[in-house]
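Observations on chain architecture
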Amino acid sequence: MHIKCSAIWHKITRRKLLATSIVQRATPEIMASTTKPHLVLIPWQGSISHIIPMTDIGILSASHGAAVTVITTPANAPVVQSRVDRAAPPHGGAAPAITVTAIPFPGAEAGLPDGSERLDLLRSPADVPRFFAANKMFGEAVARHCRGASRRPSCVVAGMCHTWALAMARELCVPCYIFHGFGAFALLCIEHLFKHRPHEAVASPDEVFGIPVLPPSFECRVTRRQLPPHFSPSTSMGGSHMQEMREFDAAVDGVVVNTFEELEHGSAALLAAATGKKVLAVGPVSLSHTNTSLDPRTMSEDARRCMAWLDAKASRSVVYVSFGSAGIMPPAQLVQLGMALVSCPWPVLWVVKGADSLPDDVNKWLCENTDDADAVASSKCLVVRGWAPQVAILDHQAVGGFLTHCGWGSTLEAVAAGVPMATWPLFAEQFLNERLIVDVLGVGVSVGVTKPTENILTASKTVDGSKAEVVAEVRKEQVMEALERLMDQGAEGEERRRKAQELKLKAKGALEEGGSSYVNLENLVHSFV
C-alpha cells in the first residue's frame, strides 16, 4: 500500500508541475479555480447536532477560499442545503463555493424502514445495530462516489462514527481529519480516561473521582455513571463499534473542533500534545449565520412566533429552555420541570422535543398550563413543539438565561451570545461540559442532576416490549432554586453575566480576521494548496 501510494504521489507531483506551468500562462480567474483546495466534509448523520456544525465548518472554509462538498443522505440534505442557502457571502462577495451531495442511505438493505437516516428517527434501540450496518454500506457508496468524481478531494473531514472514511482517504492519498462534535476539554478528558483509566479504580458507579487534565488549578470530578458512552459496559451500538471509533480516532491526521482557543483554558493545545495530532479550533461556527438568522425571507412561522413573543419582553427577563435535538425527558420528569417553569417569576420560552409521543395526560397538562398554540405578547410560558431558532433566540436582548442540556453546540451558541446557563446534562459528554461551564468558565449554575437520561444508545431492555415508568430525579423545587441563581440580580449573578459577556467578545474576535479560529481555518484551507 505504501509503495502504491508513493507512486500515486509521484504522478500527482508531476501533474502539479505541469498544472503550474499552465496556470502561470492562465488568466487570474482560471488560476484561482485551478489552485483552489477541495474539502470533502461527511457529517455523521446520527444527529442534527453533528450535521449543522459540520455544515457551518464547510461554509467558513469556503469563505477562506476552499471549494467544499458536503456529502450526506437524502433525508438530511435539506437541512444542509438550507444552511448553505442562508450563509452570508464573505465580505459581501460572491456566495461560497459549496456543493451538497446526497447519496442514498441503504437503510432498507440493513432492515430499517424508509427514512431512518438519523438516530432520532429510529423506532427502538434494536434498530441501532442496523443503523451502523447501513452506515458501513453508506461508506462504500461514498467511496465509489469520490473515486469517480471529476475532482478528487484535497482533504476529507469525517464525522466521528464514519470509521470507513480513513481507508477512503488513504486510498485517495489525502489527509483525513475527524470531527467529534465535542469540545476540546471533553476530548481531552476522554483521552485521559483511555490512557490512565481512573474510572476503573472506583468501586461504585456513583463514586466521584478526578480527571486532572487542567493542572494545577482544576480537577474535573465526575462519577463513572456520568462518563460518555465510550466507557459504558454496554450500549445498543455494541462494543465493537466503540473499539472501531477509538482506532479511527487514533489513526486520523488531525482533529477539527468547534471551539476557540481562548475558551477552554488551553485544552486544544493540551489535546494536541496528548495525541500528537493537529488540533484545529475553528469556532464558534454558529457565528457564520449571525447576519442571516433573522432574515424574514427564510424565517419559519415558528421562528416568527418566537421572535414576536420575545420582542414584547423586557431586557434579560426571559428564561430560554431547550434540551437539544435528541434531548427527550421521561414524562414524569418533564412535568416536574414544567411545574417549575410555570411557577417561576420570569417569562419562559420552552422547546419541547418528542411532544407527539408524550402520554395524553402530559399533553393535556401542557395545553392547560402553558401557551401551547397561539402565543400572545402577554403570555407567561410559550411552548414550542419541535424546533426553534436557537441562535436568534439566544442573541435576543430579552433572554437572560438558558436552561440547557450542555450539548456542545448549545453551549457554544450560549457562549457566543453571552448568555449564562443553568446546566442539566442528559448523556454523552454533557456531564464533562457541565464541569467546564460551571467550575472553569464560571458562567453557569448546576441544577444538580447526578444520573444520565436514558437515550437510544443506552436504553435498557424492557420486559414484553413495555417501558418501565421512570421517576423524576429532579423535583420542581430543585429546578426553581437553580433558576433563581441563574437569574439572580445580585453580585453572584452579575459576575456570571460579566464573564459571559467577556466570552462573547472573545468568541466574536476568534472568527474575525487575525483571530485564532480565523487563522486556524486559513491554515487548514491553505495547507492543501
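Rules behind the numbers
Residues numbered from 1 in each chain as written. Predicted model: local features only at pLDDT ≥ 70, side-chain atom pairs only at ≥ 80, totals over all residues. Heavy atoms only, no water. UniProt positions renumbered as here; feature names shortened; annotations may be inferred. Phe/Tyr/Trp six-rings, centres within 6.5 Å; stacked < 30°, edge-to-face > 60°. Helix = DSSP H or I, 4+ residues; strand = E, 2+ residues; numbered from the N terminus. Buried < 20%, exposed > 50% of the residue type's maximum accessible area, 1.4 Å probe, protein only. Lys NZ or Arg CZ within 6 Å of the ring centre and 35° of its normal. Pairing = 2+ DSSP bridges. Axes fitted to C-alpha atoms, helices over the stretch in contact; angles between N-to-C directions. Contact = heavy atoms within 4.5 Å. Arc of directions from axis to C-beta.

Under the annotation held in an unreviewed UniProt entry, the protein carries the name Glycosyltransferase and is attributed to Urochloa decumbens. Looking at the Sequence similarities (unreviewed entry) heading of the UniProt record, one finds this comment for the protein: "Belongs to the UDP-glycosyltransferase family."

With that settled, consider the packing of aromatic side chains. Across all of its chains, the model carries 10 aromatic pairs by this definition. Residues Phe105 and Phe138 carry aromatic rings whose centres are separated by 6.0 Å and whose planes lie at 55° to one another, so their mutual orientation is tilted. Of this pair, Phe105 sits in the loop between strand E3 (98-102) and helix H5 (128-148) while Phe138 is found in helix H5, placing the two residues 33 residues apart along the sequence. The exposure class assigned to Phe105 is buried, which follows from its relative accessible area of 10%. Ring geometry for Phe138 versus Trp164: centroids 6.1 Å apart, planes at 80°, classification edge-to-face. Taken as a pair, Phe138 in helix H5 and Trp164 in the loop between strand E4 (155-159) and helix H6 (165-172) lie far apart in primary sequence, 26 residues in all. Classification of Trp164 by relative accessible area gives buried; the value is 14%. By way of ring pairs, the aromatic residues Trp44, Phe105, Phe131, Phe132, Phe138 and Trp164 are connected into one cluster. The ring of Phe194 is capped by Arg246, whose NZ or CZ atom sits 4.1 Å from the centre of that ring.

Our focus in this paragraph is the pairing of strand E1 (residues 38-42). In terms of residue burial, E1 counts as a mostly covered element, since 5 of its 5 residues are buried. Taking every second residue as pointing to the same face, both faces of E1 are buried, with His38, Val40 and Ile42 on one and Leu39 and Leu41 on the other. Bridge count between E1 and strand E2 (residues 67-72): 4 bridges; the pairing is parallel. Following the sheet pairing, His38 is matched in E2 by Ala67. Both E1 and E4 contribute to a ladder of 4 bridges, which runs parallel. By the bridge assignment for E4, Leu39 is matched with Cys155.

Here we take up the sheet that holds E4. Here we have 7 strands laid out as an open sheet, ordered E3-E2-E1-E4-E5-E8-E9, and parallel in their pairing. Single-partner strands in this sheet number two, and they are E3 and strand E9 (278-281). The average angle at which neighbouring strand axes cross in this sheet is 20°, direction not considered. Sheet strands in contact with H5 are E1, E2 and E3, and its direction is about 150° off that of E2.

Relative to the assigned elements, Leu441 resides in the loop between helix H15 (430-440) and strand E15 (444-446). In this view, Leu441 contacts Leu263, His265, Leu436, Lys499 and Leu503; residues no more than four positions away in its chain are not counted.

Now for helix H4 (residues 77-86). Two residues of an α-helix separated by three or four positions point the same way, owing to the 3.6 residues in each turn. Ala77, Val80, Arg83 and Val84 are the residues of H4 that are buried. All buried residues of H4 project into a common sector of 130° when viewed along the axis, lining one side. Every exposed residue of H4 that faces more than 90 degrees away from the buried side is listed here: Pro78 and Asp85. Those residues of H4 that are buried lie in contact with helix H3 (48-63), E2 and E3.

In this model, Gly283 is joined to Pro284 through a cis peptide bond whose omega is 0°. Positionally, Pro284 belongs in the loop between E9 and helix H10 (301-311). If you check the backbone angles, Cys173 has positive phi at about 60° while not being a glycine. Taking relative accessible area as the criterion, Cys173 reaches 5% and is therefore assigned buried. Even without being a glycine, Arg197 presents a positive backbone phi close to 50°. By secondary structure assignment, the location of Arg197 is in the loop between helix H7 (184-196) and strand E6 (208-214). Judged by relative accessible area, Arg197 falls into the partly exposed class, the value being 33%.

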